[in-house]
Amino acid sequence: MTPATRQEVLGLYRKVLQIAKNWQSASGQIEETMREKEYIRNEARTLFRKNKNVTDPELIKQCIEECEARIEIGLHYNIPYPRPIHLPPMGLAHKQGRTLRHQEKLRKISKPIYLKSHDEVS
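Criteria and thresholds
- Residues numbered from 1 in each chain as written.
- Predicted model: local features only at pLDDT ≥ 70, side-chain atom pairs only at ≥ 80, totals over all residues.
- Heavy atoms only, no water.
- UniProt positions renumbered as here; feature names shortened; annotations may be inferred.
- Helix = DSSP H or I, 4+ residues; strand = E, 2+ residues; numbered from the N terminus.
- Buried < 20%, exposed > 50% of the residue type's maximum accessible area, 1.4 Å probe, protein only.
- Polar contact = N/O pair within 3.5 Å; in protein donor to acceptor, adjacent residues only side chain to side chain.
- Contact = heavy atoms within 4.5 Å.
- Core = buried A, V, L, I, M, F, W, Y, C linked by side-chain atoms within 4.5 Å.
- Salt bridge = Lys/Arg side-chain N within 4 Å of Asp/Glu carboxyl O.
- Phe/Tyr/Trp six-rings, centres within 6.5 Å; stacked < 30°, edge-to-face > 60°.
- Lys, Arg positive; Asp, Glu negative; His and termini not counted.

Per an unreviewed UniProt entry, the protein goes by LYRM1 protein and derives from Catharus fuscescens. Within the UniProt record for the protein, the comment given under Sequence similarities (unreviewed entry) is "Belongs to the complex I LYR family."

**A look at the side chain of S25**
Its location among the elements puts S25 in the loop between helix 1 (3–22) and helix 2 (30–50). Overall, S25 belongs to the buried group, its relative accessible area being 5%. Of the polar contacts made by the side chain of S25, one reaches the side chain of T33; its length is 3.0 Å. Those residues in contact with S25 that sit more than four places away from it in its chain are E32, T33, E36 and N78.

**Some thoughts on the nonpolar core**
With 13 residues, the main nonpolar core has L12, V16, I40, I64, C67 and I71 as its most contacted residues. Going through the elements one at a time, helix 1, helix 2 and helix 3 (57–77) are the ones with two or more residues in this core. Ranked by residues supplied to this core, first place goes to helix 1 with five residues. Filtering out sequence-adjacent residues up to four positions away, L12 remains in contact with F48, I64, C67, E68 and I71.

**Points about the pattern of salt bridges**
If you walk through the whole model with that rule in mind, you get two salt bridges. Between E38 and R41 there is a salt bridge; the shortest N-O distance is 2.9 Å. Of this pair, E38 and R41 are both found in helix 2, three residues apart, which corresponds to roughly one turn of the helix. The exposure class assigned to E38 is partly exposed, which follows from its relative accessible area of 34%. Residue E43 pairs with R70 through a salt bridge whose shortest N-O separation is 3.1 Å.

**Quick notes on the packing of aromatic side chains**
Overall, the coordinates contain two aromatic pairs when judged by the stated rule. Between Y13 and F48 the ring centres are 4.8 Å apart and the planes differ by 65°, which places this aromatic pair in the edge-to-face class. Taken as a pair, Y13 in helix 1 and F48 in helix 2 lie far apart in primary sequence, 35 residues in all. Taking 4.6 Å as the distance between ring centres and 55° as the angle between the ring planes, the aromatic pair formed by Y39 and Y81 counts as tilted. Note that Y39 is positioned in helix 2 and Y81 in the loop between helix 3 and helix 4 (100–110), a separation of 42 residues in sequence. Residue class for Y81 comes out partly exposed when judged on its relative accessible area of 33%.

**Structural notes on the side chain of K37**
Along the chain, the position of K37 falls in helix 2. In this structure K37 is buried but unpaired, with E36 as the nearest side chain of opposite charge at 9.7 Å. Setting aside residues up to four positions removed in sequence, K37 forms contacts with A20, K21 and W23.

So this is what it looks like as structure tokens:
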């Protein structure tokens, strides 16, 4: 990892922790706000620690893009949790040969960038 990339990643980590510190839930309830703040901190710790040994520049770039996307979506919708994708169970498969393996491959390809690491952690 280059020093510039390292600084960018550390800056993102600090930004996420700052967002968690200042977070207010949409409902305004104190319990929900505390729960969401804790979720943001735990999710950041888990994902950053999981990816701390990544050395591939392309993979690092994808992780940075995912983090930025999740920050923007979370702030825009005031929801700290990743927004799920809604696809019908067999909506992506071709009419012929609806195999489960093909369906799984199409689902993986269609997954938005902000959900790439969510299923691995959850």
